[in-house]
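Below, each chain spelled out in residue letters.
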Amino acid sequence: MADRVHPRDSPPSSGEAPMSKPSQSAPAQPAGTYVIQIPKDQIYRYPPPENARRYQKYARREPRRSCCRRCLCWSLGLLAALLLLLAVSAGVLYLVFRPESPKYSVDDVSIRGFNLTSPSAVSPEFNVTIRAQNPNDKIGIYYQKGSSVTVYYSGINLCNGALPAFYQPSNNLTVFQTALKGSTIMLTSAVHSTLAAEEKRGEVPFRLNLKAPVKFKVGSFKTWTITVKVRCELTVDNLTASSKIVTKDCDSRVKFW
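Residues numbered from 1 in each chain as written. Predicted model: local features only at pLDDT ≥ 70, side-chain atom pairs only at ≥ 80, totals over all residues. Heavy atoms only, no water.

**Let's talk about the nonpolar core**
In summary, soluble globular proteins display a tendency toward joint burial of nonpolar side chains. The test is simple: We define the nonpolar core as a collection of buried residues of types Ala, Val, Leu, Ile, Met, Phe, Trp, Tyr and Cys that are connected through side-chain atoms lying within 4.5 Å of one another. Classification of residues uses two cut-offs on accessible area relative to the type maximum, computed with a 1.4 Å probe and protein chains only: under 20% is buried, over 50% is exposed, and between them is partly exposed. A run of H or I in DSSP counts as a helix once it spans at least four residues, and a run of E counts as a strand once it spans at least two, with each numbered from the N terminus. The contact definition used throughout considers only heavy atoms, calling two residues in contact when any of these lie within 4.5 Å.
One finds Phe-126, Phe-206 and Leu-208 to be the most contacted residues of the largest nonpolar core, which totals 42 residues. Of the residues forming this core, the biggest block, seven residues, is contributed by strand E8 (residues 204-218). When near neighbours in sequence (up to four residues on either side) are disregarded, Phe-126 contacts Val-109, Ser-110, Ile-111, Phe-114, Val-151, Cys-159, Thr-178, Ala-179, Leu-180 and Phe-206.

**Section: the pairing of strand E10 (residues 226-236)**
Heads up, the rule is: Here, any two strands with at least 2 DSSP bridges between them count as paired.
Two strands pair when backbone bridges link them, and E8 and E10 are joined in this way by eleven bridges, in the antiparallel orientation. What sits directly across from Asn-209, in E10, is Arg-231. Strand direction decides the pairing type here: E10 and strand E11 (residues 245-255), joined by ten bridges, are antiparallel. Bridge assignment links Thr-235 to a residue of E11, and that residue is Thr-247.

**Quick notes on the packing of aromatic side chains**
Our working definition: The pairing test for Phe, Tyr and Trp rings, Trp by its six-membered ring, is centres within 6.5 Å, and the orientation test on the planes gives stacked under 30 degrees, edge-to-face over 60, and tilted for anything in between. Here, over-ring charges are defined by two tests on the NZ atom of lysine or the CZ atom of arginine: distance to the ring centre within 6 Å, and angle to the ring normal within 35 degrees.
For the coordinates displayed, the defined rule picks out six aromatic pairs. Between Phe-114 and Phe-126, the ring centres sit 6.4 Å apart and the planes meet at 80 degrees, which makes this aromatic pair edge-to-face. In this pair, Phe-114 is assigned in the loop between strand E1 (103-112) and strand E2 (125-134) and Phe-126 in strand E2, connecting sequence segments twelve residues apart. The two residues Phe-114 and Phe-126 agree in class, both being buried. In textbook terms, an aromatic cluster arises when at least three aromatic residues are bridged by ring pairs, as seen for Phe-114, Phe-126, Tyr-153 and Phe-206. The ring of Tyr-152 has Arg-207 lying over it, and the distance from NZ or CZ to the ring centre is 4.6 Å. The cationic tip of Lys-222 hangs over the ring face of Tyr-142; the distance from NZ or CZ to the ring centre is 4.1 Å.

**Brief notes about the pattern of salt bridges**
As a reminder of what qualifies: Salt bridge, as used here, is a side-chain nitrogen of Lys or Arg placed within 4 Å of a carboxyl oxygen of Asp or Glu.
For the structure shown, the criterion picks out four salt bridges. For Lys-103, the salt bridge goes to Glu-100, with nearest N and O atoms at 3.9 Å. We classify Glu-100 as partly exposed; its relative accessible area is 41%. The salt bridge involving Arg-131 is made with Asp-107; its shortest N-O contact spans 2.9 Å. Of this pair, Arg-131 sits in strand E2 while Asp-107 is found in strand E1, placing the two residues 24 residues apart along the sequence. Connected through shared salt-bridge partners, Asp-107, Arg-131 and Lys-248 make up one network.

Next comes the structure, spelled out in structure tokens:
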């Protein structure tokens with residue numbers, strides 16, 4: 001690096017030689033300025049001493065960051081390929097087996113345990129005949145233990161029961177009865193009066209909720225446990241063992257997760 005030359009405003013002393021005049025080709029520098037000449041390669045290759053340590057840290061970190069980016073890209077690519085493979089497999093299985101949701105309905109209801117001539121508690125008993133249809137050609141259904149069937153009136157839980165555990169093959173219609181029982185249910189005077197008036201009119205509404213854990217059999221493979229939920233809105237003509245269903249509307253759905 002060239003030395004710095006400070007200009008002098010005062011004339012040289014008698015012992016010093018006079019400074020040479022600048023050549024005609026070089027432009028004259030204003031008084032009080034100086035020129036620093038630094039080789040170009042030194043500017044780009046060597047950082048200043050105060051930044052040298054920072055530059056070394058950055059140079060060390062850069063390969064590590066590149067490795068992390070590379071690993072992240074590989075992981076995302078592998079995850080995308082796996083999701084694509086699962087989607088293709090699910091599409092192929094759907095086209096091969098054409099799965100359909102099972103269908104349910106309530107065929108008959110026999111009722112006991114209602115005494116509307118007394119304000120005392122009631123212990124209802126419902127014998128419900130349920131029709132379960134498996135419309136699939138290549139899929140069977142395993143009904144597991146732990147199911148529940150509940151009957152409500154105006155939001156009041158009247159009685160509870162469960163479905164039997166059984167296997168339903170493909171293209172099969174199964175009709176079974178389940179007994180539902182309730183114990184010592186107190187009805188308010190308003191509910192008691194409304195229930196008596198509806199029975200007199202021949203239109204007593206109930207709601208039946210069914211929840212069953214099942215496993216679908218596809219070939220030799222069994223799925224994980226899937227929950228089937230059924231909701232039926234029923235209207236019966238009376239509250240006796242010979243009651244008849246006036247209207248019914250059942251809706252079912254399958255919860256896979």
